[in-house]
Amino acid sequence: MSREDSELWTIAFTFSYLSMLAVGGVNALVPEMHRLSVDVYGWMTSTRFTDLFAIAQASPGPNMMIVTLIGWQVAGVPGAVLATACMTLPTSVAAFLVATTWDRFREAKWRIATQSGLVPVAIGLFSASAFVLARHADETLVAFLITIATAALVYYTKVHPLLLLGAGGAIGAMGLL
Amino acid sequence: MAYAAFMSSRSDVLDSRSSDRPSLMQIALGFGGIAIVGFGGVLPWARRMLVEQRRWMTPSQFSEDLALSQFLPGPNIVNLSIVVGQRFHGLPGAAAAAIGLLGPPMLIVILLASIYGYWNEIAAVHDAMRGVASAAAGLILATAAKMAVPLFRADARLQLAFAIITFLGVAVLGASLPVVLLAIAPVSVAFAWWRVR
């Protein structure tokens, strides 16, 4: 087995394992990814990991692009695809099986009650994530005002959200934060 | 009935299957489109696309599917793409949604990493990303507010209480998601069971 092959196997094993732990989002696993990538496998330096994490955070898309970049760093594009697939496939299979079962029992009382009970908790969780994100992002008054203004404009008007993200970026780039 | 609003029957969606359900290509492009603009979070864009623009689902259907996605392990938005894609086209639909969601951002993030040595030098990029993060938090806030509107009806007091307790537990007390799942969700579901009867 060539060195590249064994790296791919390690990627597959590592991210399949991490995906099982991904309750509450992938970002909770970043410390473990750092430990594995830097200390255990020696794939990269700590600085490189921090850089890749910053790039992943700055990129559009699901909140898990750090996984893609670790795979890419280790084994190029095949590594990137493999890491992303292994991180998402196990939980996606679970989601698929639950979703098909869920729909089959749509008239069942337990299913209606479970759904009715989960929706308010889900809305509470989503609101809390907005709050936590704002608390981390908004270190200055201007940053806080960007958050509030964006929220109000998205809620009350039909302005395209990308314009507002761009406006936030422009204010930041001018050094006003 | 208080819970009637949250019980929107799936049959709405299933009945529409034959006529105006989106094609596999539309699903892939729909999720791809929100993935490449989803700076700082894709979920607000998912609701905007699925509910407000393409009207593939009602607001309550979206809340229900998001709830399911949050309570499954794995990234919420990936789970949501699986749940929604599955409903329209089974396994191919789920695959189309997930590939649409993950493929384009993978390309972008690899491109960014390839040129990182170049734009890393530009401090303005870092400052700009901080501004984008603040705006993205506002976008998520507005989406959460839209989803919470049904909770403020007079007949939904109990659900509002559970939403507020969850919010306070996570946002103020800093409780972790598994703790919230184990502590609040069973009680909320038990009350729902009692009310549905």
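Residues numbered from 1 in each chain as written. Chains lettered and ligands numbered in written order. Predicted model: local features only at pLDDT ≥ 70, side-chain atom pairs only at ≥ 80, totals over all residues. Heavy atoms only, no water.

Looking at an unreviewed UniProt entry, one finds chain A named Chromate transporter, with Propylenella binzhouense as its source organism. Its UniProt record gives chain A a comment under Subcellular location (unreviewed entry), which states: "Cell membrane". According to its UniProt record, chain A has this under Sequence similarities (unreviewed entry): "Belongs to the chromate ion transporter (CHR) (TC 2.A.51) family." (UniProt positions renumbered as here; feature names shortened; annotations may be inferred.)

(A) Spotlight on the overall build of chain A. Of regular secondary structure, chain A possesses seven helices and zero strands. Traced from its N-terminal end to its C-terminal end, chain A shows the element sequence α-α-α-α-α-α-α. At 20 Å, chain A has a C-alpha radius of gyration far larger than the 16 Å of a compact globule built from 177 residues. Principal axes of the C-alpha set define a box for chain A whose edges measure 60 × 55 × 25 Å. Here chain A holds 177 residues, and the buried ones make up 49% of them. (Helix = DSSP H or I, 4+ residues; strand = E, 2+ residues; numbered from the N terminus. Rg over C-alpha atoms; globule rule 2.2 N^0.38 Å. Buried < 20%, exposed > 50% of the residue type's maximum accessible area, 1.4 Å probe, protein only.)

(B) Molecular detail of the overall build of chain B. In terms of helices and strands, chain B carries eleven helices and zero strands. For chain B, the N- to C-terminal ordering of α and β elements is α-α-α-α-α-α-α-α-α-α-α. Relative to its full complement of 197 residues, chain B shows a buried share of 52%. Within chain B, residue pairs in contact and separated by at least 24 positions form 62% of the contacts whose partners lie at least 6 positions apart. (Contact = heavy atoms within 4.5 Å.)

(C) Fine view of the interface of chain A and chain B. Across the boundary between the two partners, chain A contributes 81 residues, which contact 91 residues of chain B. Both faces considered, chain A and chain B share a buried interface measuring about 7,700 Å² in area, 78% of it formed by carbon and sulfur atoms. When the area that chain A buries against chain B is broken down by residue, the three leading residues are A:Pro60, A:Phe126 and A:Leu165, summing to 9%. At the boundary of chain A with chain B, the tally comes to one salt bridge. Here A:Asp103 ties to B:Arg87 by a salt bridge, and the two come within 2.9 Å at their closest N and O atoms. For the pair chain A and chain B, the interface holds eight residue pairs in polar contact (both at pLDDT 80 or more). Looking at the side of chain A that touches chain B, the elements with two or more residues in it are α3 (46-58), α4 (65-104), α5 (109-137), α6 (141-156) and α7 (161-173) of chain A. The dominant element in the side of chain A that touches chain B, judged by the number of residues it contributes, is α5(A), at 28 residues. Counted by class, the side of chain A that touches chain B contains 48 nonpolar, 24 polar and nine charged residues. (Buried area = accessible area lost by both parts, 1.4 Å probe. Salt bridge = Lys/Arg side-chain N within 4 Å of Asp/Glu carboxyl O. Polar contact = N/O pair within 3.5 Å; in protein donor to acceptor, adjacent residues only side chain to side chain. Nonpolar A, V, L, I, M, F, W, Y, C, P; charged D, E, K, R; others polar.)

(D) Just the UniProt feature "transmembrane region" (unreviewed entry) in chain A, in detail. Residues and elements named next belong to chain A. Per the UniProt annotation, the sites labelled "transmembrane region" (unreviewed entry) are residues 12-31, 52-74, 80-100, 112-134 and 140-157. The span residues 52-74 carries 74% helix and 0% strand; its end-to-end C-alpha distance comes to 12 Å. The span residues 140-157 carries 89% helix and 0% strand; its end-to-end C-alpha distance comes to 25 Å.

(E) Focus on the environment of A:Ala137. Residues and elements named next belong to chain A. The residue Ala137 is located in helix α5 in this model. By relative accessible area, which is 19% here, Ala137 ends up buried. Remark: the alpha-carbon pair of Ala137 and Thr147, spanning ten residues in sequence, is separated by 9.0 Å.

(F) How the structure looks around the pattern of salt bridges. Under the definition given, this model contains seven salt bridges over all chains. A salt bridge links B:Lys146 to B:Glu52, with the nearest nitrogen and oxygen atoms 3.0 Å apart. Separated by 94 residues along the polypeptide, B:Lys146 in helix α8 (residues 123-148) and B:Glu52 in helix α4 (residues 43-53) bring together distant segments of the chain. Across the pair B:Asp155 and B:Arg153 runs a salt bridge, and its minimum N-O distance is 3.4 Å. A residue is classified by how much of its surface remains accessible, and B:Asp155, at 35% relative accessible area, is partly exposed. Via salt bridges that share partners, A:Asp103, B:Asp65 and B:Arg87 belong to a single interconnected network.

(G) Main features of the packing of aromatic side chains. Residues and elements named next belong to chain A. Tallying each qualifying case throughout the model produces eight aromatic pairs over all chains. Measuring from centroid to centroid gives 6.0 Å for Trp102 and Trp110, while their planes differ by 65 degrees, and the two rings are edge-to-face. Ring pairing ties together the aromatic residues Trp102, Phe105 and Trp110, which thus form one cluster. (Phe/Tyr/Trp six-rings, centres within 6.5 Å; stacked < 30°, edge-to-face > 60°.)

(H) Spotlight on the confidence of the model for chain B. All names here are of chain B. The predicted model of chain B averages 87 in pLDDT, with 87% of residues at 70 or higher. The secondary-structure element of chain B with the lowest mean pLDDT is helix α1 (residues 11-15), recorded at 44, while helix α3 (residues 24-37) shows the highest, at 97. Under a pLDDT of 50 for its full length, residues 1-19 has, in the predicted model, 44 contacts with residues more than four places off or in other chains. Confidence metrics for the complex model read pTM 0.87 and ipTM 0.90. (pLDDT = per-residue confidence, 0-100.)

(I) Inspection of the environment of A:Asp5 at higher detail. All names here are of chain A. Position of Asp5 relative to the elements: it lies in helix α1 (residues 3-20). For Asp5, a relative accessible area of 36% puts it in the partly exposed group. C-alpha of Asp5 to C-alpha of Ala75: the two residues are 70 residues apart in sequence and 9.2 Å apart in space.

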